[in-house]
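Structural overview for review
As a plain string of letters, each chain reads:
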Amino acid sequence: MIALAGVYHPGSSALHRCPAGIKLFVLCVVGTTAMIVGSLPVLGAGIVLLAVGYAIARIEPRAIWRLSRALLVVVAIIAVIQALVSGLTAALVLAARLLLLVGAANLLTLTTPTSALIDVIERVLGPLRRFGVDPGQVGIAVALTLRFIPVIATQAARIREAQAARGVRSYRSFLLPLVISTVRMADGVGEALTVRGFQAGGARHG
Amino acid sequence: MADRHPRTTAKDVALIALFAAFICVLGLTPRIALPFLPTPFTIQTLGVLLAGGVLGAHRGAWATALFLVLVAVGLPVLPGGVGGIGMLAGPTAGFLWTYPAGAWVTGMLVERWWRKLSWLRGFVAAVAGSVAVYPLGHAWIAVTTGMSATTASWSWVVYLPGDLIKSALAASVIVTMKRAYPLLDPPPAPTAPASRNEPRPAGGAKAAP
Amino acid sequence: MIEFRSVSHRYGDRPTLQDVTLRLVERRIGVIGPNGSGKSTLARLCNGLVKPTSGTVLAEGHDTTRETAAVRRVTGFVFQDPDTQILMPTVAEDLAFSLRPLRLPAAEVARRVDAQLEAFGLVDHRDHPAHLLSGGQKQLLAIAAVLMTDPAIVLFDEPTTLLDLRNKHRVMETIVGLSQQIVVVTHDLDLLDRFDRVILIDEGRVAADGAPGETVAFYRKLILG
C-alpha cells in the first residue's frame, strides 16, 4: 500500500521493530497518565523521555515539524487562553499534557507501517464477528480506498482545469461533477468486485 | 421507513470506499486560511455531509468511518497532508470522531425527506449533520485542555459560519444529485432482472395460483 | 461453453434482449452491434452479473441464476474501463486480490503472483501504483488478474474501446492468444479476423451469426446502407 506515502518514516530502530500492538498499548497508558497527572515536573520528565524516543527512532526534525505544526498552533492558542483564564502554571500543565499526548501518538505513527496498524485493527475488531462485521475486510476496504484516491484526485484536477478554461471558479461547479464522477465509478468498481469473487456483508452467493 | 439496506452489496462497498477516497481528496485541496479562524477553512467536512446526503445514513457513516481508519493507520489524508493517531488524540479530535455521526444525521434526514427533497430541507439536513459533531467536539476540547465545558462550547462561534456556508453548498449538491443520480430511491418493483427465473407478469404482482 | 435458452431481459419496462437462444462453443467468439443493442447485457448474462428476466443461461453447465459461485469460478470478466476494474493500489496486490476467495497460504499467493507477473511482462511493475500504468498496461493487468483463478471462459466487454491504436493491438494480441474460450464484445471490427464466430446483436435480437467476414459485412451494410 505505497501508492500514497504514509506518514510512516521508515527505519530500523528499536522503536520501528517493536510490534504495533505493544506500541499502541503503551500509547494508551501514556495518554491516560498524561490526562490524569497534573504535576508539571512529571509531565516534563515524560516529555524528555519522549524526546529520547524520537532520538532513538532517528526521526528527521523536518518530518516531526510537518506532522505537528498545525497542532502546535492550536496548542499554543489554547495555552494562551488558559493562561489568561487560569494562570501560567495551568497553561504550562495543559501545554505539557497535549505535547506529551500528541507527541507520543505521532511517534507511534512515524515508527509503524500502515499494514501493521491495519493488522492490529483487524485483530481488535475480531470480537465483532458475532455482529456480522468481518474484520478481514478492513484491510481490503482501506486498500480499495487507497487505490482510488489518485483516480479521484486526477478527476478533481481535470475538473479544475476545465473550470479554469471556462473562467468559472466556484466550489459548486467543482464539487458536483466530482461527486457524479465518483458515484459513476462505483458502478464499475461494484461490478469488478462482484466478478472477482468479493463477498460483501453476508454471503449471498449460492 | 423501509429497510433500504437489507444486505450490503458489492456496489455499496464500492460507494463506501470511493466516497472515503473522495473525502480524502477534499483534504488534499488547498486550504483557505481566514484570519479570524484558528484552523483553516477546508472543504473536507463538506465531504462528510455529502457522504450522508448522497449515500444515505448507513453508507455515509461507513464511508466516514473508513476515512477515519485511514487517518488512524497513518495516511496523510487530513488537510495539510497529516494523519495518524496523533490527529485523533489532539484537542480538536472530538470533531473527527463524530464525523460518522454527522454523516449519519444528514443521511437520515435526507432519506426521510427524500420524496420531497428541496434545497431548504437539504440545508437543514446538512446543518443538523454539522451541528451533530459539536457536543462531542466541545466536550473533547474541554477534557483535553481542562477548559470548562462552557468556555469550550463557545467554539461553535468559530465553526458555525463556515459550517453554514458548507451546508448551503452541500444542500445544492445533494438536491442536484437526487435528480442526476438518485441512490436513495426505494428498490424497484420486481420486474427487475435480479428476480428469480420464473417469468413474472408486468406490474410485479404475485402470479395467481 | 455458454448456453442461452430463450433468454429475455428487461430493465424495468425496457426490453434489452428478446428470446435469445445460442450455444457458444467456438473458442473465439465476437459480439458486435450498435450501441444500445443489448450486446453488453449479453456479455453480462454469460457470467451471471445480470440475471435473465426469463429463460436460462448456463455457463459450463451451471445455471447463472442458481449456481452463482460455480459460475464465478469458471468465468472471468474484463470490463471496458481500465481504471475501475483494478481494485488494489499496486500491481502485485491486485493480482493477489483475485486469489483471496481461495484462501491460499501467503507463500503460494506470492508464487502465483510472481509467475503471472512473469507471464505478462509486468515484473518490473510489481510494486508500482496501478494509477501510473498506461491504459494498455492496465487492461493487461486486468486480464492477468482475471486469469489468476484459471477460468474456463473469459468474457470481454469492449476491452479496447478506450485505448489508443498501439495499445489496442497489444491488448487484442494478448486476448487472441489466450487458451481459454473467449467471448469478446467489441466495436473494433478489424480485430475480429482471427475469431471463429461473430454474432451481431441489433435491438435485442441476434441479427446475424456466422463467420467473421460475413457478419461484419452484414453489419456494415446494416449501418451504412
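The following paragraphs examine the structure supplied in this document. (Residues numbered from 1 in each chain as written. Chains lettered and ligands numbered in written order. Predicted model: local features only at pLDDT ≥ 70, side-chain atom pairs only at ≥ 80, totals over all residues. Heavy atoms only, no water.)

Before going further, it helps to examine the packing of aromatic side chains. The tally for this structure, following the rule as stated, stands at 5 aromatic pairs over all chains. In this structure, Arg147 of chain A is placed above the aromatic ring of Phe148 of chain A, and the distance from its NZ or CZ to the ring centre is 5.1 Å. Above the face of the Trp114 of chain B ring, Lys178 of chain B is positioned so that its terminal group lies 5.2 Å from the ring centre. (Phe/Tyr/Trp six-rings, centres within 6.5 Å; stacked < 30°, edge-to-face > 60°. Lys NZ or Arg CZ within 6 Å of the ring centre and 35° of its normal.)

Now for the interface of chain B and chain A. The parts lose accessible area when they come together, and the size of an interface is often stated as this lost area. Taken together, the contact pairs 60 residues of chain B with 62 residues of chain A. A combined buried area of about 5200 Å² lies between chain B and chain A, and 79% of that area is made up of carbon and sulfur atoms. Taking the shortest distance from any N to any O, the salt bridge between Asp187 of chain A and Lys11 of chain B comes out at 2.8 Å. Applying the counting rule to chain B against chain A returns 4 residue pairs in polar contact (both at pLDDT 80 or more). (Contact = heavy atoms within 4.5 Å. Buried area = accessible area lost by both parts, 1.4 Å probe. Salt bridge = Lys/Arg side-chain N within 4 Å of Asp/Glu carboxyl O. Polar contact = N/O pair within 3.5 Å; in protein donor to acceptor, adjacent residues only side chain to side chain.)

What follows is about the sheet that holds strand S1 (residues 2-11) of chain C. Residue and element names in this part refer to chain C. Pairing is antiparallel across the open sheet formed by 4 strands, whose spatial order is S2-S1-S4-S5. Looking along the sheet, the strands with just one partner apiece sit at the ends: strand S2 (14-24) and strand S5 (62-63). As judged from the 7 bridges shared by S1 and S2, these two strands associate in the antiparallel manner. Paired with Val7 across the two strands is Val20, which belongs to S2. Here helix H1 (residues 39-46) sits on the sheet and contacts S1, S2 and strand S4 (54-59); the angle it forms with S1, its principal contact strand, is near 125°. (Pairing = 2+ DSSP bridges. Helix = DSSP H or I, 4+ residues; strand = E, 2+ residues; numbered from the N terminus. Axes fitted to C-alpha atoms, helices over the stretch in contact; angles between N-to-C directions.)

What follows covers the interface of chain C and chain A. Of the residues lining the interface, 28 residues belong to chain C; the matching set on chain A comes to 25 residues. Both faces considered, chain C and chain A share a buried interface measuring about 2300 Å² in area, 64% of it formed by carbon and sulfur atoms. Taken together, chain C and chain A are joined by 3 salt bridges. A salt bridge links Arg44 of chain C to Glu191 of chain A; the shortest N-O distance between them is 2.6 Å. The tally of links from chain C across to chain A stands at 7 residue pairs in polar contact (both at pLDDT 80 or more). Looking at the side of chain C that touches chain A, the elements that each hand over two or more residues are helix H2 (68-74) and helix H3 (91-98) of chain C. With 4 residues, H3 of chain C is the largest single contributor of residues to the side of chain C that touches chain A.

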